[in-house]
Every structure is written in C-alpha cells, then in structure tokens.
Amino acid sequence: IFVYNRDFEVTATYRNRYLKHAHEIVCKGRRLFVTSTGFDCLLTLDLDTGKFDWGFHLQKPYDKWSGFAFEPTSNKGPRPSNDFHINSVHVDDGGVFVSGLRTQALLHISPDGNVSEFCSLPAGTHNAQRWQGGVLFNDTANDAVRFVPRDGQQLAFPTPTYDEAEIEFAGIDDSNVARQGFGRGLCVIDDRFVAAGSSPSTITLYDIEAGMKVASVNLSMDIRNATHGLEPWPYD
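Note that the coordinates shown come from a computational prediction; the quantities given were computed from them, not determined experimentally. (Residues numbered from 1 in each chain as written. Predicted model: local features only at pLDDT ≥ 70, side-chain atom pairs only at ≥ 80, totals over all residues. Heavy atoms only, no water.)

## Things to note about the overall build of the protein
Piece 1. If you tally the helices and strands in the protein, you get zero helices and 19 strands.
Piece 2. For the protein, whose C-alpha radius of gyration is 18 Å, the value lies close to the compact-globule estimate of 18 Å for 236 residues.
Piece 3. Overall size of the protein, expressed as C-alpha extent along the three principal axes, is 50 × 45 × 40 Å.
Piece 4. Restricting to contacts in the protein with at least 6 residues of sequence separation, those with at least 24 account for 40%.
Piece 5. Charge-centre separation for the protein: the mean point of 21 positive side chains lies 8 Å from the mean point of 30 negative side chains. (Helix = DSSP H or I, 4+ residues; strand = E, 2+ residues; numbered from the N terminus. Rg over C-alpha atoms; globule rule 2.2 N^0.38 Å. Contact = heavy atoms within 4.5 Å. Lys, Arg positive; Asp, Glu negative; His and termini not counted. Charge placed at Lys NZ, Arg CZ, Asp CG, Glu CD.)

## Side note on the sheet that holds strand 14 (residues 144–149)
Piece 1. The four strands are arranged 12-13-14-15 in an open sheet whose pairing can be described as antiparallel. The open sheet has two free edges, formed respectively by strand 12 (126–131) and strand 15 (155–158), since each of these has just one partner strand. Shown here is a sheet whose adjacent strand axes are inclined to one another by a mean of 10°, direction ignored.
Piece 2. Bridge count for strand 13 (residues 134–139) against strand 14 is six bridges, and the pairing is antiparallel. By the bridge assignment, Phe137 is partnered in strand 14 with Arg146. (Pairing = 2+ DSSP bridges. Axes fitted to C-alpha atoms, helices over the stretch in contact; angles between N-to-C directions.)

## A look at a nonpolar patch on the surface
Piece 1. A surface patch of nonpolar side chains, about 720 Å² in accessible area, is lined by Phe2, Tyr4, Phe8, Val10, Trp233 and Tyr235.
Piece 2. Residue Val10 is classed as partly exposed on the basis of its relative accessible area of 47%. (Patch = residues over 30% accessible without salt bridge, like charges linked within 9 Å, V, L, I, M, F, W, Y side chains within 5 Å. Areas by Shrake-Rupley, 256 points an atom, 1.4 Å probe, with all protein chains shown as cover. Salt bridge = Lys/Arg side-chain N within 4 Å of Asp/Glu carboxyl O. Buried < 20%, exposed > 50% of the residue type's maximum accessible area, 1.4 Å probe, protein only.)

## Looking at unusual backbone geometry
Piece 1. Residue Pro200 follows Ser199 across a cis peptide bond; omega there is -5°.
Piece 2. Within the element layout of this structure, Pro200 appears in the loop between strand 17 (193–198) and strand 18 (202–207).
Piece 3. Despite not being glycine, His85 has its phi angle at roughly 50°, a positive value.
Piece 4. By the element assignment, His85 lies in the loop between strand 7 (66–70) and strand 8 (86–92).
Piece 5. Here His85 falls in the buried class, since its relative accessible area comes to 16%.
Piece 6. Phi angles above zero are rare outside glycine, and Gln104 is one such case at about 55°.

## Some details on the packing of aromatic side chains
Piece 1. Using the criterion set out here, one finds nine aromatic pairs in the structure.
Piece 2. Considering the side-chain rings of Tyr18 and Phe70, the 5.1 Å spacing of their centres and the 70° angle between planes classify their relative orientation as edge-to-face. Of this pair, Tyr18 sits in the loop between strand 2 (10–13) and strand 3 (22–28) while Phe70 sits in strand 7; the two residues are 52 residues apart in sequence, bridging distant segments of the chain. Across this residue pair, the class does not change: Tyr18 and Phe70 are buried. (Phe/Tyr/Trp six-rings, centres within 6.5 Å; stacked < 30°, edge-to-face > 60°.)

## So, the layout of surface pockets
Piece 1. One number sums up the size of the largest pocket: a volume of about 1900 Å³.
Piece 2. Among the secondary structure elements, those contributing two or more residues to the lining of the largest pocket are strand 1 (2–4), strand 3, strand 8, strand 12 and strand 16 (183–188).
Piece 3. The biggest single contributor to the lining of the largest pocket is strand 3, with seven residues.
Piece 4. Taken together, the residues that form the lining of the largest pocket break down as 25 nonpolar, eight polar and eight charged. (1 Å grid on protein atoms, 1.4 Å probe; cavity = no way out; pocket = protein on both sides within 12 Å on 5 of 7 lines; lining within 4 Å. Points joined across faces, edges and corners; volume = space filled by probe spheres on them. Nonpolar A, V, L, I, M, F, W, Y, C, P; charged D, E, K, R; others polar.)

## Let's talk about the nonpolar core
Piece 1. In this structure, Leu58, Val89, Val96, Leu107, Ile109 and Val115 are the most contacted members of the largest nonpolar core, which totals 16 residues.
Piece 2. For this core, the secondary-structure elements that each account for two or more residues are strand 6 (51–59), strand 8, strand 9 (95–100) and strand 10 (105–109).
Piece 3. Sequence-distant contacts of Val115, defined by excluding residues within four places in its chain, comprise Phe56, Leu58, Trp65, Ser66, Gly67, Leu107, His108 and Ile109.
Piece 4. Grouped together as the second largest cluster of nonpolar side chains are ten residues, Trp131, Phe157, Ala196 and Ile208 included. (Core = buried A, V, L, I, M, F, W, Y, C linked by side-chain atoms within 4.5 Å.)

Structure below.
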C-alpha cells in the first residue's frame, strides 16, 4: 500500500504477508479496507498506527457463504487462493460489503463474522455498492454500468467504445484480457451523479436521475492502459 500527499509524493508504504493482488480500497474513518484478491480476503490498515489490524477470509463450503477473521500480523492466516476474485469493498453505516468476479452476489459481513447475500449480481462485476436504496455496479462482463433500485426499473448505461482502428496496441494480449469497453472503477459524486471508468482509459459521468450520459473523457487509446479505481478530487 502506497500513501501519497496532495503533491503525489510517496510518504509511506505498507506490506503484509496476506496482501496479494490488491484491487479496490475504501476508507471508513481512520481505517483503510483493502481487497486482497490473491487470498480471497479483506484486510484493514489502521492509518494512525500504520498496522494491519484485521483480516477476513471468505469461504463457500457446501455452497453456503461463510468466513473467518484472522490476525494479519500472525502466521496463522489463510493460504493463497483466488476462488472468488474479490475485487470490490464498500463500507457504510450498514456494515462491510464485498463482491468479486465470481461471487455473483453483493455480500454483507456482519460484526460477528456472519456472511449473507445482500443481493444477487451477474458474474463478472466490479465496484458493487449500495446506493440510493438500490445497488450500483460495473457489469463488466456485459459492458455496462447498472443501477438497480429496490423497486422500479433498472438503468443500464453502455460503456463507451471506439473505432477499432483507433485502438493502440490492440491484439497484443493473447488472453484477450485487454479489451475496450471493460468497465472498472466507479465513484459516487453526489446523490445524482456517478463517474465510471472503462478501457482504454476513459472516464464517463452519468446522471442517474435523468438516466443519461453527461460527458466522457479519454486519457489514452493505448489498450494496455486501463482505469482501475476512481475517487472524487479534491478529497476531504
């Protein structure tokens, strides 16, 4: 984990034996929640002490969600695993929520460690989070940003795509992981607007209330450069 000041100078770094392939992060108070995809777990970092103080390993034995808390400074934590590809964590007054490419659900972790499904999700999602009485997420596998309210009709916004001739370095990845329209990175601006990222390096602003795309900016047409996470700037 790298810490930068407002001038984008590195002021601190933090490592942990259970932190591998970190994806999304989120702050709640003075604690940083980190998704450790390579261990199917969440970690928390106390920003005042600089110590990792909590870990939670997600499991699904016998097709039922569960998990266990562990001490991230000990050697008694989980073994490396990537069964669920945990890529997103959301923390609000309702608790801790986590999801991944293969969870097919937004999961809630209670204070006593019980894991339950808050709602179902399509396979292949990023950035799922509770918002405005529903759930907001990047439906990455289907190239869309979706808002699904508890009641009423859902909204789906196609991720921006470009003429294939404009894409730089297209086809260099034999696994086809690097592709345009891959939605990843999502942040709430206020009660009406959200911003979402996609490949190649595009940020798009959506008006959820009006159900329309407001604006889009492309930073690079190099398919190797992809938006991963977004946050409003300047921050509090």
